[in-house]
Amino acid sequence: MIPAKANQNLQTTKSGRKIRVKNAAIGWSFVIIATVMICLFYFYPMVQALILSFQSGTGTNLTFTGIDNYARLFKDPTFITTVKNTVIYLVIQVPVMILLALFLSVLLNNKTLKLKGVFRTAIFLPCVTSLVAYSVIFKYLFGQDGIINIMLMKVSFISEPIQWLTDPFWAKIAIIIAITWRWTGYNMIFYLSALQNVDESIYEAAKIDGASSFQQFFKITIPMLKPIILFTSITSTIGTLQLFDEVMNITKGGPGNSTMTISQYIYNLSFKYTPDFGYAATVSYAIVIMIIIFSIIQFKVAGDKNE
Amino acid sequence: MSKFKQIFSYSVLILASVISIFPFLWMIVSSTNKSVDVTKGRLLPGSHFMQNLTNLLDTVDVVSALINSAKISIITTVVAMLIASLAGYGFEIFKSKSKDILFNFLLLSMMIPFAALMVPLFRMFGSISQTVSMIGIDTLAAVILPTVTTAFLIFFFRQSTKMFPKEILEAGRIDGLTELGVFFRIYVPTMKTTYAAAAIITFMSSWNSYLWPLVVLQSPEKQTIPLLISNLGSSYSPDFGVIMTAIVIATLPAALLFFIMQKHFVAGMMGSVK
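The name an unreviewed UniProt entry gives chain B is Lactose transport system permease protein LacG, with Neobacillus rhizosphaerae as the organism. Comment text from UniProt for chain B, heading Subcellular location (unreviewed entry), reads "Cell membrane". As stated in UniProt under Sequence similarities (unreviewed entry), the record for chain B gives "Belongs to the binding-protein-dependent transport system permease family."

An unreviewed UniProt entry lists chain A under the name Lactose transport system permease protein LacF, with Neobacillus rhizosphaerae as the source organism. The annotation that UniProt attaches to chain A under Subcellular location (unreviewed entry) is "Cell membrane". Per UniProt, the comment on chain A under Sequence similarities (unreviewed entry) is "Belongs to the binding-protein-dependent transport system permease family."

So this is what it looks like as structure tokens:
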């Protein structure tokens, strides 16, 4: 009797374990395709790029050259220019866009505002255009005799056309304006939905305490939305560090190399100049490192304010 | 709200809306005007649209570019939905410590810039070309494969699955459905809105993607819409009316899709950061 019962218990635990093992196998089979695909098309190429970054040569004739490529980075004026350009885009465009998006979302969040849906759709509209399409449109808008110069001259804002695309300074400004146009509405939507979760009574209390709209914005809205601001600033940073489509289609990196980004330089090194895949891979690791550094900085900045 | 604040709000919002819409208006108006009029800064609609369209069809093969783009975007969307939702479901429903570690590891891929993948991927597909030319350089498969699985979509589906009532799944199992049966018969139909949001995001990014197709597609008859527009835009003697017509055609499908499914689109974006 007793041994029989013990035997039975043993059997149930055995089959129980079998079921668990089977369940685990089913669970893994759901995630296996995605895992293989991401390893194959993201992580494996990154390892390949790392190996490549220690090699040099043209086309398929590659030889190991140790850290030569990395030493070359610091002496390469084009690389330094592209890093400078990319950082300029980043430190000017991302904060301007985020503040603008926050400001617009606060205005739109007003309960008594009429035509809210119209404004929201209009400001979000740029997000439906493809990067190439809007870049080509902006290229012509900013042309020497483009519509922007025509209009600015009509209202006597300027007396002669601005060299938007042929002056190194104005070309950067044109690119920054274009990116801001495309992405402000996108970020605004995130803030708008976050604002809807903010308790109205906080603002009421602040008003009673005599806080101005300006103070309410900086002392309440921004701290309340911090997590979403952090999220959008990191995605914008990653996006800006990879900037390619706009620059390629608005200025082609010119005049000179004055608007060229790191991504475009990698493209040129691999497919436009005599291909040097090894050095291109080294430059691409520079972007990876910059993304890591900027993300850490943003987390740090956000974290400090928390305390 | 004080009078001053109200006027201020409305003027800022109107200005922002006008700036946002202006390039669209200019694009649409320009597609109906002659190139000469566009350069003169004409802002009134003309009657030259059909002529621009005919010229466009004569100079470049828009139709096959549209077909290529449609093929790539539709296949990408369908396959991406399948792979990402299976994984998002698997990570959430069959949760375990080791799977969570794997999940976080996969999320790291979101930090990898495409520019860093471009060269090794190009070499990978270059070497595949020699053995299996079906998926090598200059094929639609080569455009689709590297971009079809994204950690973002897996994350998106996992987040949405968190709110899924798991008792329904158990009911399905008791009714004798297999695990795949539970997924396709119960999970997929109930998650329609999540799929809609994910599909729009995927379709739009695929329809608009530029860098990887630029690298991997080489023959002109394989080119996609963004490549065609980029080529038109960089010509030395551009016909503005024709180019703007091409951009209108390229932007319309995505814009229409957006307006039809606007609610899902915004919900989808939000879902990604819940």
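K.L.:
Please provide a residue-by-residue account of the overall build of chain B, values included.
P.N.:
Counting its regular elements, chain B contains 15 helices and zero strands. Reported as C-alpha extents along the three principal axes, the dimensions of chain B are approximately 70 × 70 × 35 Å. Counted over contacts in chain B with a minimum sequence separation of 6, partners at least 24 positions apart contribute 70%. With an accessible surface of roughly 12,500 Å², chain B has 70% of that area assigned to carbon and sulfur atoms.

K.L.:
So what's going on with the confidence of the model for chain A? Residues and values would help.
P.N.:
Residues and elements named next belong to chain A. Averaged over chain A, the pLDDT score is 83; the fraction of residues at 70 or greater is 91%. Looking across chain A, the model is least confident in helix α1 (residues 2-52), with a mean pLDDT of 74, and most confident in helix α3 (residues 77-108), with 91. In the model, residues 1-11 has pLDDT below 50 throughout and makes zero contacts with residues more than four positions away in sequence or in other chains.

K.L.:
A description of a nonpolar patch on the surface should follow, citing residues and the corresponding values.
P.N.:
A cluster of nonpolar side chains, contributed by A:I32, A:I33, A:V36, A:L40 and A:Y44, occupies part of the molecular surface with about 420 Å² of accessible area. For A:V36, a relative accessible area of 45% translates into the label partly exposed.

K.L.:
Hey, could you go over the nonpolar core for me, with residue numbers and the actual values?
P.N.:
Counting 181 residues, the largest nonpolar core has A:L225, A:I266, A:V283, B:Y89 and B:I247 as its most contacted members. Taken domain by domain, this core gets at least three of its residues from each of domain 1 (2-52) and domain 2 (68-306) of chain A. Sequence-distant contacts of B:Y89, that is, excluding residues within four places in its chain, are made with A:F30, B:F94, B:T161, B:L169, B:R173, B:V182, B:F183 and B:Y187.

K.L.:
Lay out the interface of chain B and chain A in plain terms, naming residues and giving numbers.
P.N.:
Opposite the 91 residues of chain B that make contact, chain A presents 80 residues. For the pair chain B and chain A, the summed buried area comes to about 7,500 Å², and 80% of that belongs to carbon and sulfur atoms. Broken down residue by residue, the surface that chain B buries against chain A is led by B:L13, B:M111 and B:R123, which jointly contribute 8%. The interface formed by chain B and chain A includes zero salt bridges. Counting residues per element, the side of chain B that touches chain A draws most heavily on helix α1 (residues 3-30) of chain B, at 17 residues. Here the residues of the side of chain B that touches chain A are counted per class, giving 69 nonpolar, 17 polar and five charged.

K.L.:
Break down the UniProt feature "domain: ABC transmembrane type-1" (unreviewed entry) in chain B for me, with residues and values.
P.N.:
Under the UniProt annotation, "domain: ABC transmembrane type-1" (unreviewed entry) lies at residues 66-261 of chain B. Annotated as 75% helix and 0% strand, the span residues 66-261 of chain B places its first and last C-alpha atoms 21 Å apart.

K.L.:
Tell me about the packing of aromatic side chains, and please be specific about residues and values.
P.N.:
Tallying each qualifying case throughout the model produces 43 aromatic pairs over all chains. Ring centres 5.4 Å apart and planes at 40° place the aromatic pair A:F54 and A:Y70 in the tilted group. A residue pair is termed long-range when its members are at least 10 positions apart, and A:F54 in the loop between α1 and β1 (55-56) and A:Y70 in helix α2 (residues 68-75) qualify at 16 residues. When its relative accessible area of 28% is taken as the criterion, A:F54 is described as partly exposed. Taken together, the ring pairs connect A:Y134, A:F138, A:F142, A:W164, A:F169, A:W170, A:W181 and B:F24 into an aromatic cluster. Sitting over the ring of B:F103, B:R158 keeps its end group 4.5 Å from the ring centre.

K.L.:
Before we move on, can you summarise the pattern of salt bridges with the specific residues and values?
P.N.:
Residues and elements named next belong to chain B. Applying the stated criterion to the full structure yields six salt bridges over all chains. For K95, the salt bridge identified is with E92, shortest N-O distance 3.5 Å. A relative accessible area of 7% places E92 in the buried class. For R173, the salt bridge is made with E170, and the minimal N-O distance between the two is 3.0 Å. With R173 and E170 both in helix α9 (residues 166-174), this residue pair falls three residues apart, about one helical turn. Judged by its relative accessible area of 40%, E170 is partly exposed. One connected set of salt bridges, linked through shared partners, spans E92, K95, D100 and R158.

K.L.:
Describe the domain arrangement of chain A, naming the residues involved and giving the relevant values.
P.N.:
Residue and element names in this part refer to chain A. Its domain assignment divides chain A into domain 1 (2-52) and domain 2 (68-306). Using C-alpha coordinates to define each centre, domain 1 is positioned 43 Å away from domain 2. With four residues of domain 1 at the contact, the number on the domain 2 side is seven residues. Both sides together, the interface formed by domain 1 and domain 2 hides about 440 Å², and carbon and sulfur atoms give 69% of it. When the buried surface of domain 1 facing domain 2 is broken down by residue, M46, L50 and L52 rank first, second and third, together holding 83% of it.

K.L.:
Outline the UniProt feature "transmembrane region" (unreviewed entry) in chain A, supporting the account with residue identities and numerical values.
P.N.:
Residues and elements named next belong to chain A. As recorded in UniProt, the feature "transmembrane region" (unreviewed entry) lies at residues 24-44, 87-109, 121-142, 224-244 and 277-297. Across residues 24-44, helical content stands at 100% and strand content at 0%; the span's end C-alpha atoms are separated by 26 Å. End C-alpha to end C-alpha, residues 87-109 measures 32 Å, and it is 96% helix and 0% strand.

K.L.:
Which residues make up the side chain of A:S105, and what values do they have?
P.N.:
Its place among the elements puts A:S105 in helix α3. With residues up to four places along the chain from it excluded, the contact list for A:S105 reads A:M188, A:Y191, A:L192 and A:L195.

K.L.:
Give a description of the packing of helix α4 (residues 116-124) of chain A against helix α7 (residues 168-195) of chain A that names residues and reports values.
P.N.:
Residues and elements named next belong to chain A. At their nearest, the axes of α4 and α7 sit 8 Å apart, and the two run at 140° to each other. What the angle tells us is that α4 and α7 run oblique. Where α4 approaches α7, its residues R120, I123 and F124 are matched on the opposing element by G185, Y186, M188, I189 and L192. Of the residues assigned to the contact of α4 with α7, the class counts are six nonpolar, one polar and one charged.

Criteria and thresholds
- Residues numbered from 1 in each chain as written.
- Chains lettered and ligands numbered in written order.
- Predicted model: local features only at pLDDT ≥ 70, side-chain atom pairs only at ≥ 80, totals over all residues.
- Heavy atoms only, no water.
- UniProt positions renumbered as here; feature names shortened; annotations may be inferred.
- Helix = DSSP H or I, 4+ residues; strand = E, 2+ residues; numbered from the N terminus.
- Contact = heavy atoms within 4.5 Å.
- Areas by Shrake-Rupley, 256 points an atom, 1.4 Å probe, with all protein chains shown as cover.
- pLDDT = per-residue confidence, 0-100.
- Patch = residues over 30% accessible without salt bridge, like charges linked within 9 Å, V, L, I, M, F, W, Y side chains within 5 Å.
- Salt bridge = Lys/Arg side-chain N within 4 Å of Asp/Glu carboxyl O.
- Buried < 20%, exposed > 50% of the residue type's maximum accessible area, 1.4 Å probe, protein only.
- Core = buried A, V, L, I, M, F, W, Y, C linked by side-chain atoms within 4.5 Å.
- Domains from an automatic or database assignment.
- Buried area = accessible area lost by both parts, 1.4 Å probe.
- Nonpolar A, V, L, I, M, F, W, Y, C, P; charged D, E, K, R; others polar.
- Phe/Tyr/Trp six-rings, centres within 6.5 Å; stacked < 30°, edge-to-face > 60°.
- Lys NZ or Arg CZ within 6 Å of the ring centre and 35° of its normal.
- Axes fitted to C-alpha atoms, helices over the stretch in contact; angles between N-to-C directions.
- Parallel < 35°, antiparallel > 145°, perpendicular 65-115°, else oblique.

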